[in-house]
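Observations on chain architecture
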Amino acid sequence: MDNSILSFALKSVEPPASLGLSTYSPSESKHGFSLDQMHSVMAELCSAVRSALDDERGIAEESLRRATEVLQKMGGSEAAPKEAPVRGGLSPWQIRKVTSHVETNLDRSITNGELAALVRLNPSHFGRAFRNSFGEPPHEYVIRRRVERAQGLMLSTDASLSDIALDCGLADQSHLTRLFRRIVGESPRAWRRARISEPV
């Protein structure tokens, strides 16, 4: 059994604290989570753990991906800002549109113009509004999400760094290494080695 996959799957069972799921009960309707949604998430996570135990990496990864999508629909991505409108920022629907588009297209090039058109703004206005909402320019946000996706792939797969770089929309391994070191503070190889070697 691949312990790194099992560890990643088990860690994924704990939902983000920002969703408030750890203390969820049917009476807490203010969260707006339905029992069907909770059931769907738990089914996917159980499937991921079961597949990891059976060494079925591809199935485990797909189950985790589906569970993540459901969680994001329920409470929004942790990477996204709060949906309270920010003065001069993007509206809640624009934030959801942009973050969803970025998450589903991290394996290819994403331009500011493309994101601006998605929410019906000109690039200049979009850049200012995005920075006001997220606290960083669109380009930096996309880079950070690529690095965070690379981290997930390094923990959940045995793929080479060059393959992971391509899966995250980066040119090559050196491109990944340069961005990873800038954002995380160490090389992807060292980061991966330190975490894969930790006891499960």
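A short tour of the structure in this document, coming up. None of the values given here were measured: they were computed from a predicted structure. (Residues numbered from 1 in each chain as written. Predicted model: local features only at pLDDT ≥ 70, side-chain atom pairs only at ≥ 80, totals over all residues. Heavy atoms only, no water.)

Let's shift gears to unusual backbone geometry. Positive phi, close to 60°, is recorded for Arg120, a residue that is not glycine. Relative to the elements of secondary structure, Arg120 occurs in the loop between helix H5 (112–118) and helix H6 (123–134). Overall, Arg120 belongs to the exposed group, its relative accessible area being 66%. (Helix = DSSP H or I, 4+ residues; strand = E, 2+ residues; numbered from the N terminus. Buried < 20%, exposed > 50% of the residue type's maximum accessible area, 1.4 Å probe, protein only.)

Our focus in this paragraph is H6. With 12 residues, H6 should reach 16 Å at 1.5 Å per residue; the first-to-last C-alpha distance of 16 Å fits that figure. Buried residues along H6 sit against helix H4 (92–104), H5 and helix H7 (138–156). Backbone nitrogen of Ser124 and a side-chain oxygen of the N-cap are separated by 3.1 Å at the start of H6; the cap is Asn122. The first or second residue beyond H6 is Gly135, which carries a positive phi of 80°. (Expected span 1.5 Å × (residues − 1). Contact = heavy atoms within 4.5 Å. Polar contact = N/O pair within 3.5 Å; in protein donor to acceptor, adjacent residues only side chain to side chain.)

In this section: the nonpolar core. Of all hydrophobic cores here, the largest spans 16 residues; its most connected members are Leu90, Val98, Val102, Phe126 and Phe130. Looking at this core, the element that brings in the most residues is H6, giving four residues. Beyond its immediate chain neighbours, meaning those up to four positions away, Phe126 contacts Leu90, Val98, Asn112, Leu115, Ala116, Val119, Leu121 and Pro138. Among the nonpolar cores identified, the runner-up in size contains 15 residues, and Ile164, Ala165, Cys168 and Leu179 belong to it. (Core = buried A, V, L, I, M, F, W, Y, C linked by side-chain atoms within 4.5 Å.)

Within the secondary structure, Thr157 is located in the loop between H7 and helix H8 (161–167). In terms of polar contacts, Thr157 uses its side chain to reach the backbone carbonyl oxygen of Leu153, at 2.7 Å.

Turning our attention to the environment of Arg178. Within the secondary structure layout, Arg178 lies in helix H9 (residues 173–184). The sequence separation of Arg178 and Pro188 amounts to 10 residues, and the corresponding C-alpha distance is 9.2 Å.

Contact pair H4 / H7: the axes reach a minimum separation of 10 Å and the direction vectors enclose 45°. Between H4 and H7, the angle is such that the two are oblique. Here the hand of the crossing between H4 and H7 comes out right-handed. In this structure, H4 uses Thr99, Val102 and Glu103 to contact H7, whose residues at the interface are Tyr141, Val142 and Arg145. Taken together, the residues of the contact of H4 with H7 sort by class into three nonpolar, one polar and two charged. (Axes fitted to C-alpha atoms, helices over the stretch in contact; angles between N-to-C directions. Parallel < 35°, antiparallel > 145°, perpendicular 65-115°, else oblique. Left-handed = near helix turned anticlockwise from the far one by under 90°. Nonpolar A, V, L, I, M, F, W, Y, C, P; charged D, E, K, R; others polar.)

The analysis is restricted to geometry; functional conclusions fall outside its scope.
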